[in-house]
Structure formats: structure tokens, C-alpha cells
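Observations on the three-dimensional arrangement
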Amino acid sequence: MKEKVSASPGDRKIFVLDTSVILYDHNAIKNFEEHDIVIPIQVLEELDHFKKGNDTRNFEAREFIRLIDDISKNNLLNEWIPLNGPTKGRFRIAVNENGIEPEKDAVRLFGNDKNDHKILNAALSLQKKYADKKVILVTKDTCLRLKAKALNIRAEDYETGKIHDVDKLYTGKTVLQQVSDEAIGLLYEKGAVSPEQLGLTEVKENEYFIISAPEKPLLGYYNAQSRLIERIHWQEVYGVSPRNAEQAFAIHALLNPRIKLVTIQGVAGTGKTLLAMASALQQRRNYRQIFITCPVIPLSNRDIGFLPGDIKSKLDPYLQPYWDTLSFIKDLHGNEDKNGKRIDEMLESEKIAIAPLAYIRGRSFSKVFFIIDEAQNLTPHEVKTIISRAGDDTKMVFMGDIHQIDTPYLDAESNGLSYLIDRIKNNPLFAHITLEKGERSALANLANLYL
């Protein structure tokens with residue numbers, strides 16, 4: 001939760017943060033304005049288990065521990081410590097759980113096997129001690145919020161970085177139904193019109209348009225440099241042809257050298273991975289390397305170490321979809337075609353690299369066509385970290401389905417892909433397109449529509 005309304009000392013709230021909030025945003029304690037922050041001691045215990053490793057959650061745990069260490073210099077953590085800034089509140093660690101009524105004791109009711117129950121008791125103890133203040137538990141764990149409310153504890157999700165009204169998330173395109181014959185004629189004759197000639201008073205940078213015309217709809221794109229809506233045509237990339245207008249828009253954005261950041265959102269089977277990889281191959285001479293990656297989310301929350309074999313054997317099941325896509329593109333050209341053989345050569349020379357996202361930490365990418373798949377499983381902070389790795393002449397493509405999330409504590413409103421689309425729209429370096437129509441097969445469409 002991020003409070004914005006200033007309050008007098010007597011109106012200050014006490015926010016109790018659990019581990020899921022810290023692993024989502026290590027700077028969370030700075031986002032509550034003038035209100036007070038409490039971290040139960042059990043949260044520090046859990047963060048201690050997360051501090052080792054290369055995943056982003058391990059990084060968040062380490063950064064938070066360093067932050068608390070810096071705050072606690074010359075201070076006792078079980079006492080209130082003022083946070084920096086005239087409008088900031090105070091911070092402390094909750095150690096003892098006193099004054100809890102037996103009928104509300106979470107450990108007695110739910111058991112002693114989870115730190116979550118001790119965190120609930122910490123909130124209950126604070127309620128008793130600070131009866132004149134609102135004590136609110138902030139967690140991204142839905143089940144913990146429900147347990148808290150069952151014990152009469154106010155509980156909220158952590159709202160910073162969350163996108164509301166996700167159903168109204170920017171799609172990257174506008175459909176124009178009523179267009180004058182004069183504007184249609186200019187699009188055919190000169191290939192461009194001004195937004196005003198299409199009856200538009202406001203357009204976004206690199207926005208795409210489906211323009212109604214007598215014979216068939218025309219496709220348009222708002223050029224951030226010419227300030228005109230230019231007609232675009234269906235274009236094949238490395239043997240892959242667009243099957244609908246949205247795919248044509250995606251290809252245009254992926255091939256446009258002025259656009260350095262592209263996001264593609266869509267359900268399974270809409271062609272996200274195929275279009276991105278084919279467009280990268282089409283532009284292979286413009287980049288030093290094509291790098292394809294995704295966050296590795298083990299099934300059933302089992303660590304990757306449970307799988308047999310060496311590291312390559314462990315990772316291959318997660319990266320197999322990209323090998324399959326490359327094989328599909330090769331099959332479009334045939335075994336003897338030079339374009340098919342070129343893919344094998346690029347793999348051997350590592351001109352094409354496929355690796356899990358955890359392996360890029362600390363690296364910089366210059367002159368790379370960088371494809372990040374399954375971006376809906378990233379936090380906003382992870383997305384920011386990845387983009388900050390971009391060097392000169394690098395293009396980044398984030399893809400995913402915001403309604404198919406495999407990471408605990410993320411949802412359609414709080415994941416990094418939704419955050420990126422909402423925050424970067426209307427920037428001349430950015431373009432987005434939502435793919436709506438499945439093109440994999442009639443059976444895949446059936447699953448997306450009815451299951």
C-alpha cells in the first residue's frame with residue numbers, strides 16, 4: 001500500500017510488512033510516506049534463507065538486509081527509528097508478541113509450523129499496544145490476507161507498481177471506423193496523412209491504426225519523427241508472414257530501427273515468439289548477437305536442482321520452446337535452403353544464444369537483439385534491471401501473457417510486463433502491440449476461448 005495523503009502524528013498508521021513485500025521490492029519501507037513501518041523478526045529470519053542465490057528474490061533479500069543494516073547504525077531495532085526525510089515515518093523490528101487474546105492467537109489457531117502465523121501475531125500484538133492507531137498488514141500473499149481478516153486484522157496488498165484497470169491496459173492500436181474519402185485517397189496516393197485529417201486530436205508515439213476503407217482496411221502507424229500517420233504494408237520476415245493486422249503491426253515494430261523497446265502481449269498461440277525470433281533473424285546483420293531468454297519457473301515450486309543431469313540437461317526442458325521455434329523456421333526453408341543452414345551456423349558461432357534469465361546478471365548487452373519471453377513472470381524491478389543492461393544499438397523485446405502468471409505474489413496488475421506497458425507508453429523509443437487472435441490451431445483457440 002502506498003499512502004499519499006499527509007497525516008498528523010496522531011493519524012499515522014502502522015504498516016506491518018511481510019516477506020513477500022520485501023522480495024517484491026526491497027525499497028518498500030520508503031513508500032509509505034509519513035506512516036510507520038514494522039517488520040516482524042520472522043521476516044528477517046525468512047530473508048536470511050533467501051539471501052544466497054542468483055535469482056532476483058535473492059538480490060532483493062540482500063539489498064533489504066543491507067538497507068536495514070544502514071538504518072540501524074547507532075540504533076536499536078526494537079525501538080522506533082526515524083526514516084530519512086521530513087515527511088517520512090518511523091521504522092522498527094517487532095520482536096515480542098504480547099497481549100494477544102487466546103481466541104485470536106494465530107499460532108494456537110493455525111499451528112506453529114509457519115512463520116506467517118507468527119507474523120499475524122505480531123500484527124495482533126501491535127493492535128493491542130497501539131489501540132489508538134490503525135495497524136495494517138501489507139502482504140502479497142492472498143491467503144495470508146484472508147487469515148488476517150479472519151482475525152480482525154486490516155490487510156492490504158502492496159500497491160506500489162500495481163496497474164489498476166488492467167482490462168483497459170494500452171493495446172497499442174486504435175480502430176478507425178469513419179474516415180473521409182479524402183484521407184483514404186491521401187493514404188493511397190502519398191502513403192501518409194496527418195492525425196487531424198483522420199479526425200484525431202490526440203495520438204500516442206508509435207501507435208498503430210486499423211483504418212476502415214471501401215475495399216479492405218488499411219494499416220497505419222504514427223511516426224514519431226514525421227508526426228504523420230503513415231501507411232504500412234504486410235511484410236514477410238525470414239519466411240514468416242503475418243496472418244492478421246496485429247501481427248503485421250508487431251513485425252513493423254520489431255523491424256523499425258528507431259524503436260528500441262517493444263512489448264508484445266497475447267495469449268498462447270498468437271505468434272509472439274515466432275514473430276520476434278523471425279524478425280531477429282531477418283535483421284541478423286544489424287546485431288552482434290540474438291539473445292533469447294526467459295525466467296525459469298520450476299513446476300510445483302521444485303528447485304531446478306531436483307532435475308537429473310548437468311546444468312544443460314536441467315535447463316533444456318525450460319528452453320525447449322525456443323529450439324522448437326527455430327526448428328519450425330528452419331522447416332519453412334527446407335534442409336538445403338541457405339536460410340535454414342544459416343540458423344545452424346549462427347547457433348554454432350553463438351550468434352544465437354538461448355539461456356535462462358538468471359544467467360545475465362551483471363552483464364551488459366551492446367548491439368544485441370534481446371528477446372525476453374514470459375515477461376509476465378517478472379517483477380517491475382526485474383524489468384527495470386534488465387532494461388538497464390542495454391548498451392548501444394541494442395533492441396529489447398518483452399513478451400508474455402499477463403493473464404498466465406506462474407510466479408507467486410504476482411498477478412495481472414502487479415507483474416513487470418503490465419507495469420512496463422503502462423509506464424512507457426507514448427515514448428518515441430517504445431512500441432506495444434496486443435495480439436488478440438490465436439493462429440496456432442483451431443484446437444489451441446478452443447482452449448483459449450472456453451477453458
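Reading the values: the criteria
- Residues numbered from 1 in each chain as written.
- Predicted model: local features only at pLDDT ≥ 70, side-chain atom pairs only at ≥ 80, totals over all residues.
- Heavy atoms only, no water.
- Axes fitted to C-alpha atoms, helices over the stretch in contact; angles between N-to-C directions.
- Helix = DSSP H or I, 4+ residues; strand = E, 2+ residues; numbered from the N terminus.
- Parallel < 35°, antiparallel > 145°, perpendicular 65-115°, else oblique.
- Left-handed = near helix turned anticlockwise from the far one by under 90°.
- Contact = heavy atoms within 4.5 Å.
- Nonpolar A, V, L, I, M, F, W, Y, C, P; charged D, E, K, R; others polar.
- Pairing = 2+ DSSP bridges.
- Buried < 20%, exposed > 50% of the residue type's maximum accessible area, 1.4 Å probe, protein only.
- Phe/Tyr/Trp six-rings, centres within 6.5 Å; stacked < 30°, edge-to-face > 60°.
- Lys NZ or Arg CZ within 6 Å of the ring centre and 35° of its normal.
- pLDDT = per-residue confidence, 0-100.
- Polar contact = N/O pair within 3.5 Å; in protein donor to acceptor, adjacent residues only side chain to side chain.
- Arc of directions from axis to C-beta.
- Core = buried A, V, L, I, M, F, W, Y, C linked by side-chain atoms within 4.5 Å.
- Salt bridge = Lys/Arg side-chain N within 4 Å of Asp/Glu carboxyl O.
- Patch = residues over 30% accessible without salt bridge, like charges linked within 9 Å, V, L, I, M, F, W, Y side chains within 5 Å.
- Areas by Shrake-Rupley, 256 points an atom, 1.4 Å probe, with all protein chains shown as cover.

Time to look at the packing of helix α5 (residues 115-129) against helix α6 (residues 142-150). For the pair α5 and α6, interaxial distance at closest approach is 11 Å and the crossing angle is 40 degrees. Comparing the axis directions of α5 and α6 gives the class oblique. Note that α5 runs across α6; the crossing there is right-handed. Between α5, through D116, H117 and L120, and α6, the contact on the second element is made entirely by L144, K147 and A148. Across the contact of α5 with α6, the residue classes break down as 3 nonpolar, 1 polar and 2 charged.

All right, on to the sheet that holds strand β15 (residues 368-372) then. Strands sit in the order β14-β13-β15-β16-β12-β17 across an open sheet of 6 strands; the sheet is parallel. Two strands close off the open sheet at either side, each with one partner strand: β14 (352-356) and β17 (430-435). When the angles between neighbouring strand axes are averaged without regard to direction, this sheet yields 15 degrees. Here helix α8 (residues 245-255) sits on the sheet in contact with β12 (261-266), β15, β16 (395-400) and β17, set at roughly 155 degrees to β17.

Turning to the pairing of β14, a few remarks are in order. In terms of residue burial, β14 counts as a mostly covered element, since 5 of its 5 residues are buried. What you see with β14 is no split at all: I352, I354 and P356 on one side and A353 and A355 on the other are buried throughout. Bridging between strand β13 (residues 289-294) and β14 involves 5 bridges; their strand directions are parallel. Within β14, the residue paired with I290 across the bridge is I352.

With the rule as written, the count across this model stands at 10 aromatic pairs. Between the aromatic rings of Y287 and F369, the centroid separation amounts to 5.4 Å while the plane-to-plane angle is 85 degrees, which identifies the pairing as edge-to-face. With Y287 in the loop between α9 (272-282) and β13 and F369 in strand β15, the pair connects residues that are 82 residues apart, well separated along the chain. Here Y287 and F369 have matching classes, each one buried. Site record: aromatic cluster; members linked through ring pairs are F15, Y24, F32 and Y158. The lysine or arginine in question, K147, covers the ring of F110, its NZ or CZ lying 5.1 Å from the ring centre.

Attention shifts here to the confidence of the model for the chain. Averaged over every residue, the pLDDT of the chain is 88; the share at 70 or more is 92%. Taken as a whole, residues 2-6 scores under 50 in pLDDT and shows 14 contacts with residues more than four places along the chain or in a different chain.

Quick look at the environment of R423 now. Looking at where R423 falls in the secondary structure, it is placed in helix α13 (residues 416-424). The sequence separation of R423 and Y170 amounts to 253 residues, and the corresponding C-alpha distance is 10.0 Å. Polar contacts involving the side chain of R423 include one to the side chain of Y419, which spans 2.8 Å.

What follows concerns helix α11 (residues 338-348). All of the buried residues in α11 are N339, G340, R342, I343 and M346. Considered in projection along α11, the buried side chains sweep an arc of 155 degrees and stay on one side of the axis. The exposed residues of α11 that point more than 90 degrees off its buried face are K338, E345 and E348. Capping the start of α11, D337 holds a side-chain oxygen 2.7 Å from the backbone nitrogen of N339, two or three residues further along. Within two residues after α11, E350 carries a phi angle of roughly 60 degrees, on the positive side.

This paragraph deals with the nonpolar core. Among the nonpolar cores identified, the biggest contains 45 residues, and L17, I29, I39, F91 and L137 are the most heavily contacted of them. In terms of residue count, the dominant contributor to this core is α5 (6 residues). Apart from the residues within four sequence positions on either side, L17 is in contact with I22, A28, I29, F32, I37, V38, I39, P40, V43 and V138. I290, I292, L319 and M399 belong to the second-largest nonpolar core, a separate cluster that totals 44 residues.

Here we take up the environment of L120. Considering the arrangement of structural elements, one finds L120 in helix α5. What makes L120 buried here is its relative accessible area of 0%. Taking C-alpha positions, L120 is 58 Å from L218, a pair spaced 98 residues apart along the chain. Sequence-distant contacts of L120, that is, excluding residues within four places in its chain, are made with A106, F110, L137, L144, K147, A148, L151 and I153.

This part covers the pattern of salt bridges. Per the stated rule, a full pass over the model turns up 14 salt bridges. Across the pair R227 and E205 runs a salt bridge whose closest N-O atoms are separated by 3.0 Å. A residue pair is termed long-range when its members are at least 10 positions apart, and R227 in the loop between β10 (218-222) and β11 (229-232) and E205 in the loop between β8 (192-193) and β9 (208-211) qualify at 22 residues. The network of salt bridges with common partners includes K140, R145, D157, K162, D411 and E413.

Okay, the side chain of T434 next. Tracing the sequence through the fold places T434 in strand β17. Classification of T434 as buried rests on a relative accessible area of 11%. A distance of 2.9 Å separates polar atoms of two side chains, one belonging to T434 and the other to H432. Excluding residues that lie within four positions of it along the chain, T434 makes contacts with Y170, T171, E246 and Q265.

There is a patch of nonpolar side chains on the surface, built from L443, L446, L449 and Y450 and spanning about 510 Å² of accessible area. Structurally, L443 can be placed in helix α14 (residues 442-450).

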